[in-house]
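Spelled out from the first residue to the last, the chains are:
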Amino acid sequence: TKKLKISTQDILKCSIHKQSLDARCKEEIYYVYEVDVLVKNEEAILKKNKSNDILKTPDETYTYSKCGNIKLKNRPVIVGSGPAGLFAAYLLADAGLSPMIIERGEKIDKRMISVSNFWKTGNLNVNSNVQFGEGGAGTFSDGKLNTLVKDLEHRGKKVFDILIECGAKEEIRYSYKPHIGTNLLVDIIQNLREKIIEKGGTFLYETCFTDLFIEDDKLVGIEVNHNEKIDCEVLILAIGHSARDTFYMLNKYLKMEAKPFALGIRV
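Rules behind the numbers
- Residues numbered from 1 in each chain as written.
- Predicted model: local features only at pLDDT ≥ 70, side-chain atom pairs only at ≥ 80, totals over all residues.
- Heavy atoms only, no water.
- Helix = DSSP H or I, 4+ residues; strand = E, 2+ residues; numbered from the N terminus.
- Rg over C-alpha atoms; globule rule 2.2 N^0.38 Å.
- Buried < 20%, exposed > 50% of the residue type's maximum accessible area, 1.4 Å probe, protein only.
- Contact = heavy atoms within 4.5 Å.
- Lys, Arg positive; Asp, Glu negative; His and termini not counted.
- Charge placed at Lys NZ, Arg CZ, Asp CG, Glu CD.
- Pairing = 2+ DSSP bridges.
- Axes fitted to C-alpha atoms, helices over the stretch in contact; angles between N-to-C directions.
- Phe/Tyr/Trp six-rings, centres within 6.5 Å; stacked < 30°, edge-to-face > 60°.
- Polar contact = N/O pair within 3.5 Å; in protein donor to acceptor, adjacent residues only side chain to side chain.
- Core = buried A, V, L, I, M, F, W, Y, C linked by side-chain atoms within 4.5 Å.

What follows concerns the overall build of the protein. Counting its regular elements, the protein contains 6 helices and 9 strands. For the protein, the C-alpha radius of gyration of 23 Å lies well beyond 18 Å, the compact-globule estimate for 267 residues. With respect to the principal axes defined by its C-alpha atoms, the protein has extents near 70 × 55 × 35 Å. Taken over 267 residues, the protein has a buried fraction of 31%. Considering only residue pairs separated by 6 or more positions, the protein has 57% of its internal contacts joining residues 24 or more positions apart. Computed over 39 positive and 37 negative side-chain charges, the inter-centroid distance for the protein is 5 Å.

Here we come to the sheet that holds strand 8 (residues 228-231). The 3 strands are arranged 6-7-8 in an open sheet whose pairing can be described as antiparallel. Sheet topology places strand 6 (209-215) and strand 8 at the edges, where each strand pairs with a single neighbour. Between one strand axis and the next, the sheet turns by 30° as a mean value, whatever way the strands run. Both strand 7 (residues 218-224) and strand 8 contribute to a ladder of 4 bridges, which runs antiparallel. Paired with Ile 222 across the strands is Ile 230, a residue of strand 8.

Right, let's get into the packing of aromatic side chains. One pair of aromatic rings is described through two measures. These are the centre distance and the angle between the planes. Throughout the structure, instances matching the rule amount to 4 aromatic pairs. Relative to Tyr 33, the ring of Tyr 31 lies with its centre 6.2 Å away and its plane at 45°, an arrangement referred to as tilted. On the basis of relative accessible area, Tyr 33 is assigned to the partly exposed category, the value being 41%. Centre to centre, the rings of Trp 119 and Phe 140 are 6.1 Å apart; their planes meet at 80°, and the pair counts as edge-to-face. With Trp 119 in helix 3 (residues 108-121) and Phe 140 in the loop between helix 3 and helix 4 (155-165), this residue pair connects regions lying 21 residues apart in the sequence.

Here the focus is the side chain of Thr 139. Mapping Thr 139 onto the fold places it in the loop between helix 3 and helix 4. Within the structure, the side chain of Thr 139 is placed 2.9 Å from the backbone oxygen of Gly 136, a separation counted as a polar contact.

Strand order across the open sheet formed by 4 strands is 5-4-3-9, with parallel pairing between neighbours. Strands with a single pairing partner mark the edges of an open sheet, and in this sheet they are strand 5 (202-204) and strand 9 (235-237). Ignoring strand direction, the axes of neighbouring strands in this sheet form an average angle of 20°. Where strand 4 (residues 100-102) meets strand 5, 3 bridges bridge the pair, whose relative direction is parallel. Residue pairing across strands places Met 100 opposite Thr 202, the latter belonging to strand 5. The strands touched by helix 2 (residues 83-94) within the sheet are strand 3 (77-79), strand 4, strand 5 and strand 9, with strand 3 carrying the most contacts at an inclination of about 165°.

Moving on to the side chain of Ser 81. Tracing the backbone shows Ser 81 in the loop between strand 3 and helix 2. For Ser 81, a relative accessible area of 0% corresponds to the buried category. Only 2.9 Å separates the side chain of Ser 81 from the side chain of Glu 103, close enough to count as a polar contact. Each residue touching Ser 81, except ones within four places of it in the same chain, is listed here: Leu 86, Ile 101, Glu 103, Gly 133, Glu 134, Gly 135 and Gly 136.

If you look at the biggest cluster of nonpolar residues, it comprises 26 residues, and the most contacted ones within it are Leu 163, Leu 192 and Ile 196. Listing elements by their share of this core, those giving two or more residues are helix 2, helix 4 and helix 5 (182-198). Among the nonpolar cores identified, the runner-up in size contains 15 residues, and Val 77, Phe 132, Leu 212 and Ala 243 belong to it.

In the Ramachandran plot, Asn 41 falls in the positive-phi region, its phi being about 55° despite a non-glycine side chain. Within the fold, Asn 41 resides in the loop between strand 2 (30-39) and helix 1 (42-48). You will see that His 154, though not glycine, has its phi angle at about 65°, which is positive. Position of His 154 among the secondary structure elements: in the loop between helix 3 and helix 4.

Pasting the structure below:
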């Protein structure tokens, strides 16, 4: 109220937009906050306060890209149920497109048993382990989240909204180092799966993408488990970086090249 030169009665709603830690002075470490304030007579208050740190709150609502007008013959298919696959499935299901998600690994509860067994005995389930399975490779981490500073379309904010809807803590919206927590991650993934199913999505586990069906230079379907065809003309590959057999197979159809990377060394 002091900063805005208004009374508490003028404030309709207040929420934290961003929290960061200023540790430049070791003797005086403190948090810095950006706060969103909904007020009466907004334009008059902005006009009265000509400060660089008092600004009109930008609209950071994620909006879908425009949908096409050609009806699909078959449901879109997503390969992989890691973060990319799950959030693609959520948005497609939300748009009424009833996606099918195929995953070579197991449902997360079965996957946890396979991973635990590997840690205890060394017996590896090659299709369901720390790398493969529902939730993706990060499922057994503490769920650190990238804040996407250059995310001009506000996709990151939409992801946070969905995670909170599925049980994550509200603080991931504004924390300078947001993370979900290993103790919550499994339940959140299960909740996200159930919401996708409620919206019309379908999951097929222990189902490995093994080939493409192409006719007249167009995709008409995919092969799974080397013996079954799924018809589709829209395919989203959310396969992560460890599906080497899939990359070898795709190399028959696509021009593939190594991605450049930077390497830093400290002595």
